[in-house]
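This is what each chain is made of:
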Amino acid sequence: MSVPPAGKALPMPLAHAPSLASVPVGTSAADVLRHVSDSRTPVFVTAHPGGRLRYGYWRAIDSATGRGGCYVALPTDVCEELRSAGRITLGEPVTDPAKTTYRVSASRPQAGARRARECAA
């Protein structure tokens, strides 16, 4: 994949992953959704030339433990499964000569799907 001209976004290839529509959300997917849904923790995906994707967020320093102050990577395969299932979406691209970065957001569940789950319970 070549570097796009200024102002042009890299195409975001959607990795072929099994659909989560019929699979219960596992611990890894639930953890990713928890981070993506937390407005205090902005999650981004960076698309590098050549197609490499990296999902992650900045972990602030925790005053109680003194830990943090670093970037944390999220599992790309889990994030791509969530994206292919429509559970997370990407925002507008921000491009520079070396990469394209997108804000990752949780998709709102459809009202019909929510009602179906409530009726099944």
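Numbering of residues begins from 1 in every chain and follows the order in which that chain's sequence is written. Per-residue local features are limited, in this predicted model, to residues with pLDDT of at least 70; the limit for side-chain atom pairs, both in listing and counting, is 80 or more; totals at the level of whole chains, interfaces and linings are taken over all residues. Excluding hydrogens and water, the side-chain values take into account all heavy atoms of the structure.

### Overview of helix α2 (residues 76-84)
Here is the rule: Three labels apply to residues, based on accessible area from a 1.4 Å probe with only protein chains included: buried if under 20% of the type maximum, exposed if over 50%, partly exposed otherwise in between. Every helix listed is a DSSP run of H or I at least four residues long, and every strand listed is a run of E at least two residues long, numbered separately from the N terminus.
Where α2 is concerned, the buried positions are Val 78, Cys 79, Glu 80, Glu 81, Leu 82 and Arg 83. Immediately beyond the C-terminal end of α2, within one or two residues, lies Gly 86, with a positive phi of roughly 80°.

### Some words on the environment of Trp 58
Stated precisely, the cut-off is as follows: We call two residues contacting when some pair of their heavy atoms lies within 4.5 Å.
Structurally, the position occupied by Trp 58 is in strand β2 (residues 53-59). Residues Trp 58 and Val 43, 15 residues apart in the sequence, show an inter-C-alpha distance of 7.8 Å. Those residues in contact with Trp 58 that sit more than four places away from it in its chain are Thr 41, Pro 42, Gly 69, Cys 70 and Tyr 71.

### Some details on the confidence of the model for the chain
In low-pLDDT segments, the atomic positions of the prediction should not be examined closely. Applicable threshold: In predicted models, pLDDT denotes the confidence assigned by the predictor to each residue on a 0 to 100 scale.
The share of residues in the chain with pLDDT of 70 or more is 67%, and the mean pLDDT across the chain is 78. Contacts of residues 1-7 to residues separated by more than four positions or lying in other chains number 13 contacts, the stretch itself having pLDDT below 50. Ignoring residues within four places in sequence, the model shows residues 15-25, a span with pLDDT below 50, making 12 contacts including any to other chains.

### Observations regarding the nonpolar core
The cut-off we apply is this: Among the buried residues, those of types Ala, Val, Leu, Ile, Met, Phe, Trp, Tyr and Cys that are joined through side-chain atoms within 4.5 Å form a nonpolar core.
Val 32, Tyr 55, Leu 74, Leu 82, Ile 88 and Val 104 are the most contacted members of the largest nonpolar core, which totals 18 residues. Residue assignment for this core shows that the elements contributing at least two residues are α1 (27-37), β1 (43-47), β2, β3 (70-74), α2 and β6 (99-106). Here this core takes 4 residues from α1, the largest share from any one element.

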